[in-house]
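The lines below spell out each chain.
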Amino acid sequence: MPLAAYHLLHILGLILVYIGFGALLSNDSAKSAMKWHGTGLLISLVSGFGMLAKMQLFSALPTWVYVKLGLWLVLGFLPVLAKRRVVKPSVIIVIAALIGVFMGYLGYTKSL
């Protein structure tokens, strides 16, 4: 599969992750929101590793990849904090947006 297809799948996955955040913080059911969120996380993870393999970075992962994986885990855990009302929904949105921007920066510049 071409690298551009992996990029598009990666972006699709991230869009689904943020759709899940929006559904979770709205009046929709949490079960529906978690389906969108989980599906997006899975698509972004698989396509991200596909891109790494296509760019031949998979044998020796750079530091920025480990940072993105850690942030991916945080994105996966944020709905739990929102669902249990540990953190205010507005704070969850700001954290998720900042993580998304920083992950995009890391993916674009491939530096850290």
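Placed above this text is the structure.
Residues numbered from 1 in each chain as written. Predicted model: local features only at pLDDT ≥ 70, side-chain atom pairs only at ≥ 80, totals over all residues. Heavy atoms only, no water.

Tallying secondary structure elements over the chain gives 4 helices and 0 strands in all. Taken from the N to the C terminus, the helices and strands of the chain come in the order α-α-α-α. Counting only C-alpha atoms and orienting by the principal axes, one finds that the chain spans roughly 45 × 25 × 20 Å. Going through the 112 residues of the chain one by one, you find that 29% of them count as buried. Here the analysis covers contacts within the chain between residues at least 6 apart in sequence; of these, 68% occur between residues at least 24 apart. Counting only carbon and sulfur atoms, one obtains 72% of the accessible surface of the chain, whose full area is about 6800 Å². (Helix = DSSP H or I, 4+ residues; strand = E, 2+ residues; numbered from the N terminus. Buried < 20%, exposed > 50% of the residue type's maximum accessible area, 1.4 Å probe, protein only. Contact = heavy atoms within 4.5 Å. Areas by Shrake-Rupley, 256 points an atom, 1.4 Å probe, with all protein chains shown as cover.)

The calculated volume of the largest pocket comes to roughly 570 Å³. Lining the largest pocket are 24 residues, with His10, Gly48, Met51, Lys68 and Gly107 sitting closest to its centre. Taken together, the elements giving at least two residues each to the lining of the largest pocket come down to helix H1 (3-25), helix H2 (30-54), helix H3 (63-83) and helix H4 (89-109). Partitioning the lining of the largest pocket into residue classes produces 15 nonpolar, 7 polar and 2 charged. (1 Å grid on protein atoms, 1.4 Å probe; cavity = no way out; pocket = protein on both sides within 12 Å on 5 of 7 lines; lining within 4 Å. Points joined across faces, edges and corners; volume = space filled by probe spheres on them. Nonpolar A, V, L, I, M, F, W, Y, C, P; charged D, E, K, R; others polar.)

All right, on to the packing of aromatic side chains then. Evaluation of the coordinates by the stated rule reveals 2 aromatic pairs. With 5.7 Å between their ring centres and 45° between their planes, Tyr18 and Phe21 make a pair best called tilted. Taken together, the positions of Tyr18 and Phe21, both in helix H1 and 3 residues apart, correspond to about one turn of that helix. Under the relative-accessibility criterion, Tyr18 is labelled partly exposed at 30%. (Phe/Tyr/Trp six-rings, centres within 6.5 Å; stacked < 30°, edge-to-face > 60°.)

Positive phi values are uncommon outside glycine, yet Gln56 reaches one of about 60°. In this fold, Gln56 is placed in the loop between H2 and H3. For Gln56, a relative accessible area of 68% corresponds to the exposed category. Of note, the phi angle at Lys110 is positive, near 50°, even though the residue is not glycine. Take Lys110: it is sitting in the segment after H4.

This paragraph deals with the environment of Pro79. Topologically, Pro79 is positioned in helix H3. When the C-alpha positions of Pro79 and Gly107 are compared, they lie 23 Å apart, and in sequence the two are 28 residues distant. Ignoring sequence-local partners within four residues, the contact set of Pro79 consists of Phe21, Leu24, Met34 and His37.

With that settled, the discussion passes to the nonpolar core. With 14 residues, the main nonpolar core has Phe21, Leu75, Leu78, Ile92, Ala96, Ile99 and Met103 as its most contacted residues. Broken down by secondary-structure element, the contributors of at least two residues to this core are H1, H2, H3 and H4. Once residues within four sequence positions are removed from consideration, Met103 is found in contact with Lys68, Leu71, Trp72 and Leu75. (Core = buried A, V, L, I, M, F, W, Y, C linked by side-chain atoms within 4.5 Å.)

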